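This is what each chain is made of:
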Amino acid sequence: MKRFFIGALAFIGALSVLFVVGVVGLLMLASSSKPDVPSNLVLELDLQQPLPEYTLDTSFAGAFGDTPTSLRDVVEALEKAGTDSRVKALVVRVGQPGSASQVQELRDAVKAFRATGKRAVAYADGFGEAGNGTGAYYLATAFDAVYIQPSGDVGLTGLTVETPFARDAFEKFGVKAEYGKRAEYKNAVNTFTDASYGAPQREATEAYGNSLFNQVVKGVAEGRKLSEDEVRSLIDRGPFMGQKALDAKLVDGLRYRDEIHDELKKLAGDGARFLYVDKYLERAGRPHQTGSTIALIYGVGEVQRGKSQSNPLSGGQVMGADTVAAAFRKAAEDSNVKAILFRVDSPGGSYSASDTVRREVQRAREAGKPVIVTMGTYAASGGYFAAMGADKIVAQPGTLTGSIGVYNGKFVTADFWAKFGVNFDTLDFGKNASYASSDLEFTPEQRAQFESELDAIYLDFTTRAAQARNMPLEQLQAVAKGRVWTGEDAKERGLVDALGGYATALALAKEAAKLEKDAPVRLQVFPRPKATGEVLSELLGKNDADNSDDDASGAHAGISPQVLEQVRAVYRVGAKLGLTSQGREGRMLYAPPPEVRW
């Protein structure tokens, strides 16, 4: 009987293996027989939700390409379509397009597509529908034509920057924020310690908001052929219901989806078909697949030590220093790589992790590989620290940039627990064993040591930034102080070299690699995307890495200790209060972005 059970189990196991192999084989076969691109088509894109910057290839679904369409996917699809005679037009349903820099990246791609002589049309049920639709409308004005339904509206009402302050709440709960910062504009701490905007924070936030607002006004004015004064007046009179929006020349017509699609079919000609942008890219292939190799390395999310990983609670990612550093080493060692494109989209995080990445940027340059940084939504604090040593830095006008500063500290929760009749009796073995304890405030000696740490980190940050940006320390420190800038303002102050996105950065990478302007290049992601078999092996617990570089270049697929801690704490007080990371180590060079509602 025992042998029977053993044999039965072995048989079931063999069938399971065969089943998995069969499924994988069928999926591979299906993926190898992709449909052709129609000979006459209109590209279609739905932007009801913001596009992700990058998706880690650590899931079973991701192994088969079932990953969300990324911002780069759309940019490259439109670049490809601009020179593809089969593509006659583009139609986009605009909803929630994302941050200012994401909108500007898309606007650039749409304008480049239109420059090839092809038509681009944007439409929406309405921009805002009793809410703020400024960001969505700003994107739409990059198109040839903008339509809304007769029942729709244009919520062109401006921008709001919202910052939470929780000092009084912490006091009520018996929690004391023991924090310090360098320097006066490092405003993340103010959420914990203040009850409203102080003068430096108000000044910096108003300057940031004004810069974004002016960019929107300028973009809408150019797109709709209005003066900037006219646009400002319209914003102050908004929102506009259908006919009023048409009368104000904010839209080109009041049309339903079917009417728009019928118009584009006629424009495209007989037999025209619609095809989603991601399907087009999958079938037609990406641009930049032949020629000299330029490495593309992503640094997306909060900077932490260890491997890159996804955060299922926030929906975002963690930029693991080990993963990014290993990618730089691989690219630097590859004789085919002529330059490195480093895409940074990070609010910062760990000081040591940021320095790990910065060091590898430096080493890559020393190895003869030019490094060009292209910034996404933000490259702030530790995100800027990791990027600042590149040969050139490119940002969108709306990229949140800089925040060259540091903060740190702890929450003292003894009074909070006392309200529940809980106290902690502590035995220390070492004078400063309780230095990071949430039970005790800093002693005067510990506070002095704490302030000394902040001084040392701030001096290191500003000194390295001054060296990287080739400016005197005093000049760099004048624009540092923990202050955030838009990319446009950062360029004026020498923190950024050029304004633009992927296309601008790629052109600079070619130039740095001494390639001709029109030379074909192969854009290769490092670390290379995992093959299906590798992902399956990892899901089954097998590690195929030969050494620490191979191991670090992968991403962490499981739930991290940090995420488990977040679950246990019910995500702390909430993401708006900036309390969703683990303790002191993770947030020294961090700049939670202002929440811009538009």
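**Student:** What am I meant to see in helix α20 (residues 502-512) here?
**Tutor:** Those residues of α20 that fall on the buried side of the exposure criterion are Y502, A505, L506, L508, A509 and K510. K514, located one to two residues past α20, shows a positive phi value of around 60°.

**Student:** I'm lost on a negative patch on the surface in this one. Help?
**Tutor:** Residues E222, E228, D229 and E230 make up a contiguous surface patch of negative charge. Tracing the chain through its elements places E230 in helix α9 (residues 228-237).

**Student:** What is the right way to look at the packing of aromatic side chains in this model?
**Tutor:** Each aromatic ring pair is characterised by the separation of its centres together with the angle its planes make. For the coordinates displayed, the defined rule picks out 17 aromatic pairs. Pairing Y179 with Y407 gives two aromatic rings, centres 6.1 Å apart and planes at 40°, and the pair type is tilted. Of the two residues, Y179 sits in strand β7 (residues 176-182) while Y407 sits in strand β20 (residues 406-412), which places them 228 residues apart along the sequence. The pair formed by Y179 and Y407 is uniform in burial state, with each residue classed as buried.

**Student:** Help me understand the pattern of salt bridges in this model?
**Tutor:** It is possible for side chains bearing opposite charge to pair when their charged atoms get close. Following the criterion strictly, the structure yields 27 salt bridges and no others. Residue R363 pairs with E360 through a salt bridge whose shortest N-O separation is 2.9 Å. You can see R363 and its partner E360 sitting in helix α14 (residues 351-366), 3 residues apart, about one turn around the helix. Look at R363 and you get partly exposed, because its relative accessible area is 38%. With a relative accessible area of 9%, E360 lands in the buried category.

**Student:** For this particular structure, what's the right way to read the packing of helix α3 (residues 71-82) against helix α12 (residues 277-284)?
**Tutor:** Packed helices, taken two at a time, are described by the angle their axes make and the gap between the axes. Across the interface, α3 lies against α12 with an axial gap of 9 Å and an inter-helix angle of 65°. The handedness of the crossing between α3 and α12 is left-handed. Side by side, α3 and α12 meet where D73, V74, E76, A77, K80 and A81 of the first sit next to V277, Y280, L281 and A284 of the second. Tallied by class, residues from the contact of α3 with α12 come to 7 nonpolar, no polar and 3 charged.

**Student:** Before we go on, may I ask you to explain the sheet that holds strand β10 (residues 273-276) in this structure?
**Tutor:** Strands belonging to one sheet form pairs held by backbone hydrogen bonds; the direction of such a pair is parallel or antiparallel. The strand order across the open sheet built from 6 strands is β9-β4-β3-β2-β1-β10, with neighbouring strands paired in parallel fashion. The open sheet has two free edges, formed respectively by β9 (253-254) and β10, since each of these has just one partner strand. Note: strand β1 (residues 41-47) against β10, 4 bridges, orientation parallel. Residue pairing across strands places E44 opposite Y276, the latter belonging to β10.

**Student:** Quick question: what am I supposed to make of the environment of R469 here?
**Tutor:** Tracing the backbone through its elements, the reader meets R469 in the loop between α17 (444-468) and α18 (473-479). Judged by its relative accessible area of 10%, R469 falls in the buried class. Taking the C-alpha atoms as reference, R469 lies 7.3 Å from M388; in sequence the two are 81 residues apart. Beyond its immediate sequence surroundings of up to four residues, R469 is in contact with Y384, M388, I393, G494, L495, V496 and D497. Side-chain polar atoms of R469 contact the side chain of D497, separated by 2.9 Å.

**Student:** Teacher, can you tell me more about the nonpolar core here?
**Tutor:** Inside soluble globular proteins, nonpolar side chains tend to come together where they are buried. L43, L90, F127, F143, V154 and Y280 are the most contacted members of the largest nonpolar core, which has 64 residues in total. At 7 residues, the largest contribution of residues to this core is made by helix α8 (residues 199-224). For L43, the residues in contact, after removing those within four places along its chain, are L78, A81, V87, A89, L90, V91, L275, V277 and Y280. The next biggest cluster of nonpolar side chains, apart from the first, holds 53 residues, and it includes F342, F385, I393 and F461.

Rules behind the numbers
Residues numbered from 1 in each chain as written. Predicted model: local features only at pLDDT ≥ 70, side-chain atom pairs only at ≥ 80, totals over all residues. Heavy atoms only, no water. Buried < 20%, exposed > 50% of the residue type's maximum accessible area, 1.4 Å probe, protein only. Helix = DSSP H or I, 4+ residues; strand = E, 2+ residues; numbered from the N terminus. Patch = residues over 30% accessible without salt bridge, like charges linked within 9 Å, V, L, I, M, F, W, Y side chains within 5 Å. Areas by Shrake-Rupley, 256 points an atom, 1.4 Å probe, with all protein chains shown as cover. Salt bridge = Lys/Arg side-chain N within 4 Å of Asp/Glu carboxyl O. Lys, Arg positive; Asp, Glu negative; His and termini not counted. Charge placed at Lys NZ, Arg CZ, Asp CG, Glu CD. Phe/Tyr/Trp six-rings, centres within 6.5 Å; stacked < 30°, edge-to-face > 60°. Axes fitted to C-alpha atoms, helices over the stretch in contact; angles between N-to-C directions. Left-handed = near helix turned anticlockwise from the far one by under 90°. Contact = heavy atoms within 4.5 Å. Nonpolar A, V, L, I, M, F, W, Y, C, P; charged D, E, K, R; others polar. Pairing = 2+ DSSP bridges. Polar contact = N/O pair within 3.5 Å; in protein donor to acceptor, adjacent residues only side chain to side chain. Core = buried A, V, L, I, M, F, W, Y, C linked by side-chain atoms within 4.5 Å.

Keep in mind these values describe shape, not function.
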